[in-house]
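One-letter residues, chain by chain:
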Amino acid sequence: MTTYSQRVYQTLKDKYPEQEDFLGAVEEFFQAIQPVLEAHPEYEDLAILERMVEPERIFIFRVPWLDDEGKVQVNTGYRVQYSSLNGPYKGGIRFHPTVNLSIMKALAFEQTFKNSLTTLPIGGGKGGADFDPKGKSDQEVMKFTQSFVTELQKYIGQDQDVPAGDIGVGGREIGYMMGQYRRLNDAAGGVFTGKPVLAGGSLGRTQATGHGVVYFLNHVLEAAGDSLAGKRVMISGAGNVAYYAAELVEELGGIVVSLSDSTSAVYQPDGLDLNIVKELKIEGRERISRYLEEDPEAKNFEGSLWDQDIQADIALPCATQGEINGDQAQRLVDNGVRYVVEGANLPCNKEAQAVFKEAGVQRAPAKASNAGGVAVSALEMAQNSMRLAWNADRVEEKLQAIMQSIFDQCLEACKKYDLDQDYVAGADIASFENIAELMKLQGVI
Ligand code: GLU
């Protein structure tokens with residue numbers, strides 16, 4: 001690392017020693033952008049990195065709510081408004097027990113750079129709560145969400161900060177958020193994205209992240225003179241990202257051999273029947289292990305999918321951050337995986353990243369490969385402001401063009417700095433240049 005980035009990183013580490021996830025995201029990013037820092041010594045005078053590692057604003061708040069037994073429960077809510085350099089803060093809300101300040105900052109940092117790659121006018125943010133929707137009744141989810149928004153609504157607005165979904169937050173929760181926001185303010189139309197279509201959401205938003213991942217994968221394969229036809233694809237997760245990626249993989253001739261949820265994984269060497277998965281996980285709220293009731297030939301493994309020995313060509317981690325560690329990455333390499341395209345944010349830990357790099361596995365980082373979701377969120381904002389709705393084909397075409405542009409930006413960044421085709425470096429460099437130049441032209445703010 002340059003002495004400049006080393007110094008900024010060390011200061012950050014001294015200041016927030018307990019924020020491991022955030023420090024990890026910053027460290028990976030700093031390593032990738034070294035050639036840019038060498039080419040732009042003026043960034044140090046402008047304190048570009050020092051300003052980049054500090055979010056513009058963070059809200060942390062109490063979320064009290066009454067459970068079905070009438071007992072008072074209390075959770076902690078967060079909204080990290082990381083950067084508004086390029087438009088309203090934009091990023092999802094996550095409801096999951098692992099949510100804490102460090103993860104929120106890490107995800108908001110990533111989101112800022114991801115959003116800049118979409119080339120659309122959005123800043124970066126992230127929010128959430130350590131609320132576990134698992135096992136909660138619909139009424140409890142609604143009451144919690146209403147309490148969460150009662151506080152959050154003070155800080156958001158269609159030109160200020162536009163939240164969306166993330167892990168644990170889908171159409172149902174966004175619907176409740178809209179309702180509560182509308183009750184406390186004026187119309188809520190443009191304040192959230194990922195809304196149900198009936199409530200002003202964009203067609204194609206639900207599928208967008210998963211589809212975008214597969215469009216990106218296709219570009220990676222094409223650039224390597226390869227294709228999806230006949231490839232064995234392991235996918236983790238079974239939410240919207242994983243499921244809609246799986247559908248498109250299958251449509252393009254790949255074989256989806258696995259999917260998983262937080263307790264187990266299903267494996268079917270001949271390819272999973274996605275209709276069964278859809279019924280269980282997209283239309284219902286069932287465990288994936290029930291897949292075997294319809295397809296008894298399949299196998300079900302408790303624990304992590306990545307601990308299983310499965311022969312595959314491609315891995316799409318679409319579950320959560322840090323889901324693949326070094327040993328698991330090595331297992332994937334040993335079992336034939338040559339491409340890893342990230343659907344989840346930050347799914348590979350530091351050791352896993354190193355294993356893939358060492359083995360020559362091509363890895364597409366989430367800030368490039370899963371940007372399709374937030375990109376279509378920005379298209380939803382555009383449709384809402386114009387008071388119109390595009391048809392599904394129009395949205396999908398735009399999504400394809402955006403994923404192509406992100407891929408091109410990654411390759412161009414590599415070319416510019418004489419790097420081999422490295423999507424991690426490409427995505428970090430291209431997005432860093434975007435943000436650094438935006439900072440430069442807006443002065444010291
Ligand atoms: N949570 C998604 C992400 O990580 C989408 C955010 C959005 O649509 O604002 O990019």
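Residues numbered from 1 in each chain as written. Predicted model: local features only at pLDDT ≥ 70, side-chain atom pairs only at ≥ 80, totals over all residues. Heavy atoms only, no water.

Caption draft 1: Representation of the pattern of salt bridges within the structure. For the structure shown, the criterion picks out 27 salt bridges. Arginine 7 is the salt-bridge partner of glutamate 50, the closest N and O atoms lying 3.5 Å from each other. Of the two residues, glutamate 50 sits in helix α5 (residues 48-52) while arginine 7 sits in helix α1 (residues 3-15), which places them 43 residues apart along the sequence. Using a relative accessible area of 27% as the deciding quantity, one classes glutamate 50 as partly exposed. For arginine 7, a relative accessible area of 39% gives the class partly exposed. Of the charged contacts, one joins glutamate 151 and lysine 154 as a salt bridge, the two residues approaching to 2.8 Å between their closest N and O atoms. When its relative accessible area of 18% is taken as the criterion, glutamate 151 is described as buried. Overall, lysine 154 belongs to the exposed group, its relative accessible area being 52%. Among the charged side chains, a network of salt bridges with common partners joins Asp226, Lys231, Asp313 and Arg338. (Salt bridge = Lys/Arg side-chain N within 4 Å of Asp/Glu carboxyl O. Helix = DSSP H or I, 4+ residues; strand = E, 2+ residues; numbered from the N terminus. Buried < 20%, exposed > 50% of the residue type's maximum accessible area, 1.4 Å probe, protein only.)

Caption draft 2: Seen up close, the nonpolar core. Counting residues in hydrophobic clusters, the biggest one holds 100 residues, and the most contacted among them are Phe216, Leu259, Leu316 and Phe432. A total of 10 residues in this core trace back to one element, the largest contributor, which is helix α18 (residues 423-442). Leave out the neighbours within four places in its chain, and phenylalanine 432 touches Phe29, Ile33, Val36, Leu37, Tyr43, Ile48, Leu49, Met52 and Phe113. Among the nonpolar cores identified, the runner-up in size contains 24 residues, and Val63, Phe95, Tyr155 and Ile156 belong to it. (Core = buried A, V, L, I, M, F, W, Y, C linked by side-chain atoms within 4.5 Å. Contact = heavy atoms within 4.5 Å.)

Caption draft 3: Expanded view of unusual backbone geometry. Despite not being glycine, alanine 47 has its phi angle at roughly 50°, a positive value. Taking the relative accessible area as the measure of exposure, alanine 47 reaches 22% and is therefore partly exposed.

Caption draft 4: Focus on the sheet that holds strand β10 (residues 314-317). Taken together, the seven strands give an open sheet; going across it, the order is β9-β8-β7-β6-β10-β11-β12, and neighbouring strands pair in mixed fashion. With partners counted over all chains shown, the strands left at the sheet margins are β9 (299-302) and β12 (362-364), one partner each. Averaged over all adjacent pairs, the angle separating strand axes in this sheet is 15°, with direction ignored. By the bridge criterion, three bridges tie strand β11 (residues 339-341) to β12 in an arrangement that is parallel. Looking at the pairing, tyrosine 339 lines up with glutamine 362 of β12. (Pairing = 2+ DSSP bridges. Axes fitted to C-alpha atoms, helices over the stretch in contact; angles between N-to-C directions.)

Caption draft 5: Highlighting the state of the cysteines. The final tally for this structure, using the stated rule, is zero disulfides. Distance from the sulfur of cysteine 318, which forms no disulfide, to the nearest cysteine sulfur (cysteine 348) is 11 Å. The class for cysteine 318 is buried, based on a relative accessible area of 8%. The buried category is assigned to cysteine 348, whose relative accessible area is 5%. (Disulfide = S-S within 2.5 Å.)

Caption draft 6: Molecular detail of the packing of aromatic side chains. For the structure on display, the rule yields 23 aromatic pairs. Considering the side-chain rings of phenylalanine 22 and phenylalanine 109, the 6.1 Å spacing of their centres and the 85° angle between planes classify their relative orientation as edge-to-face. You can see phenylalanine 22 sitting in helix α2 (residues 20-32) and its partner phenylalanine 109 sitting in helix α6 (residues 101-117), a full 87 residues away along the chain. No difference in accessibility class separates phenylalanine 22 from phenylalanine 109, as the two residues are buried. (Phe/Tyr/Trp six-rings, centres within 6.5 Å; stacked < 30°, edge-to-face > 60°.)

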